[in-house]
Every structure is written in C-alpha cells, then in structure tokens.
Amino acid sequence: MVDSVSRFLGFADTYDRARPAPPAELVELLIQWSGVAEPDVVDLGAGTGLSTVVWEGRAQHVLAVEPSADMRAVAKQRIAAFPDHTLKVIDAKAEATGLPDECVDIVTASQAMHWFDPATVLPEVARLLRPGGVFAAYDVDWPPAIDATVDAAFDEADERIRELTDARDDETPRWPKSGHLGRIIDSGLFGYAREICLHARETGDAERLLELMRSQSHVAALLREGRTEDELGLTRLREIASARLAEPVTWWWTYRIRVAVK
C-alpha cells in the first residue's frame with residue numbers, strides 16, 4: 001500500500017499551478033470564531049502552502065505542517081516571498097506534529113482531512129488548540145462551476161478515473177469528505193461544530209482545467225503506471241475545454257468548511 005506521503009511525490013508544481021487558493025473570507029470567518037484578532041495558526045497537510053499564505057498579515061504566527069518533501073519545497077519557496085517571517089514550514093505528520101500542548105488558536109486542514117486518521121488526528125488537533133480554539137477542516141467542490149458543457153465533460157472524465165481507481169485500494173482516500181462533520185462531532189473533543197459554505201472566484205483556461213485533473217494523486221498514479229490520457233478520458237476533456245475556453249474565464253468555487261470550537 002502506498003502511504004499518504006509517497007502518493008504526492010513528483011507533481012507538486014502541477015498541484016501548485018492548478019489548485020485554488022482559499023478565499024480571504026475564510027480567514028475572516030475563523031478569526032471571528034476564535035475571538036483572537038491575530039491568532040497563532042497551524043495548517044495541517046499544508047501542501048504547497050496555498051492554504052498557509054492566506055494568513056499572511058492576519059496572524060501572529062503560522063506554521064505549515066507538511067510531510068511531503070516535494071510539497072514542502074514549493075511551500076518554502078512561496079513563504080520566502082513574504083518578508084515578515086511569521087510563516088514557517090515543518091516536516092511532520094498531522095497525527096503527530098511534535099508541537100507543544102495548547103500552542104495555537106486555530107488549526108486548519110485544507111483539502112487534506114480525508115487522508116488523515118480521525119482517531120489520531122482529532123485528539124492531536126484538540127491537544128494543539130487553546131481553550132476556545134477553532135478547528136476548520138475544509139474542502140472545495142469539484143469541478144468549479146465554469147460552463148455546463150465543460151463541467152459535464154469534467155464529471156465524465158472523473159467518473160472514468162474513479163472506475164479505474166476503484167481496484168487500487170492504495171490510492172483511495174481513507175475517509176470520505178461527506179463524513180468529516182460527523183466524525184468531528186462523534187469524537188467528543190469539541191463543544192460545538194457545524195458546516196459552513198463560502199464561495200470564491202478565480203480565472204482559468206483549458207490547460208489549467210487539465211492540470212487540475214492531473215493534480216489529483218490517483219490520476220498521477222494512473223499516469224505513472226502507463227495509463228494514457230485517452231483511457232482516462234482526458235483527451236476528450238481537453239478537446240471540449242479547448243473549444244469552450246479559448247480564453248480564461250471565471251471559475252466559481254464552493255468551499256465546505258467543517259468548523260469546530262474546543
């Protein structure tokens with residue numbers, strides 16, 4: 001079985017170019033819930049730092065926790081562009097960060113919670129949070145709302161990829177996103193939890209849409225083992241997207257945030 005770190009090797013640059021950045025409203029929401037104007041933040045499974053740098057200028061300290069060397073390298077490059085040095089990256093897993101007890105006001109997990117074992121990561125989150133601290137596990141709906149024809153083609157390719165992935169237990173996320181809120185509540189570690197939706201807009205073209213598809217670990221795994229773009233439905237997706245997205249257009253994203261207070 002491929003572990004959750006190894007599966008992200010070799011495509012950090014594609015991931016970084018294609019994935020969306022969380023909306024600024026997410027930071028506003030979590031600051032309001034925490035009641036701390038300039039919180040200390042830990043970002044679990046931070047990847048290339050897209051979910052870390054949104055805190056620049058809004059937090060006292062921000063620590064990106066990322067076990068993949070490829071992802072950390074990109075995150076360090078991104079964070080180096082910010083002069084205030086409040087953002088840092090460490091090599092650790094979400095289930096065992098090695099950080100002190102009650103050291104932060106907010107813990108986040110952006111598009112990563114489905115790879116974590118809730119039985120070990122939720123106690124770690126609760127241990128890190130100060131009393132009244134906030135945990136946010138959030139994901140973005142795929143694909144973004146772009147165009148009915150393009151969205152349908154993306155769904156068709158995604159379904160084909162899922163069929164090819166079903167037999168690969170080593171590439172299947174362990175914890176379905178649909179159950180995050182229930183697992184947080186059932187842990188008994190938080191006083192209150194709910195799901196909130198926020199929206200964001202970006203722009204993208206056909207090439208970014210293909211990179212978005214290839215930024216998924218199970219797609220990268222299928223391509224590495226020799227599956228062709230034809231087999232994965234990517235050729236058809238490229239043809240449709242190229243015809244419909246000759247120029248960059250607005251992409252509409254929906255973020256689902258499971259937010260909990262310790």
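Residues numbered from 1 in each chain as written. Predicted model: local features only at pLDDT ≥ 70, side-chain atom pairs only at ≥ 80, totals over all residues. Heavy atoms only, no water.

Draft legend 1. Representation of the pattern of salt bridges within the structure. With the rule as written, the count across this model stands at 24 salt bridges. With a shortest N-O distance of 2.6 Å, Arg78 and Asp16 are connected by a salt bridge. Here Arg78 is found in helix 3 (residues 69-80), whereas its partner Asp16 is found in helix 1 (residues 12-18), with 62 residues between them in sequence. A residue is classified by how much of its surface remains accessible, and Arg78, at 22% relative accessible area, is partly exposed. What emerges from the salt-bridge pattern is a single network uniting Asp139, Asp141, Glu195, Arg256 and Arg258. (Salt bridge = Lys/Arg side-chain N within 4 Å of Asp/Glu carboxyl O. Helix = DSSP H or I, 4+ residues; strand = E, 2+ residues; numbered from the N terminus. Buried < 20%, exposed > 50% of the residue type's maximum accessible area, 1.4 Å probe, protein only.)

Draft legend 2. Structural detail: the nonpolar core. One finds Leu30, Trp55, Leu209, Met213, Leu237 and Ile257 to be the most contacted residues of the largest nonpolar core, which totals 50 residues. It is helix 5 (residues 148-165) that provides the largest number of residues to this core, a total of 6 residues. (Core = buried A, V, L, I, M, F, W, Y, C linked by side-chain atoms within 4.5 Å.)

Draft legend 3. Inspection of the sheet that holds strand 2 (residues 61-65) at higher detail. In spatial order, the strands read 3-2-1-4-5-7-6; together these 7 strands make up an open sheet with mixed pairing. Both outer strands of the open sheet, strand 3 (87-90) and strand 6 (192-204), are each paired with one neighbouring strand and no more. Averaged over all pairs of adjacent strands, the angle between strand axes in this sheet comes to 20°, irrespective of strand direction. Sheet topology note: the strand 1 (residues 40-44)/strand 2 ladder contains 5 bridges and is parallel. Residue Val42 lies in a different strand from strand 2, and its bridge partner there is Leu63. Running over the sheet, helix 4 (residues 118-128) touches strand 1, strand 4 (104-110) and strand 5 (129-140) and is turned about 135° from strand 5. (Pairing = 2+ DSSP bridges. Axes fitted to C-alpha atoms, helices over the stretch in contact; angles between N-to-C directions. Contact = heavy atoms within 4.5 Å.)

Draft legend 4. The arrangement of unusual backbone geometry in detail. Backbone torsion omega between Trp142 and Pro143 reads -10°, so that peptide bond is classified as cis. As for its position among the elements, Pro143 is in the loop between strand 5 and helix 5. Of note, Glu102 is a non-glycine position whose phi angle comes to about 45°, a positive value. Locating Glu102 in the fold gives a position in the loop between strand 3 and strand 4. The class for Glu102 is partly exposed, based on a relative accessible area of 43%. Although it is not a glycine, Gln111 sits at a positive phi angle of roughly 50°. Secondary-structure assignment places Gln111 in the loop between strand 4 and helix 4.

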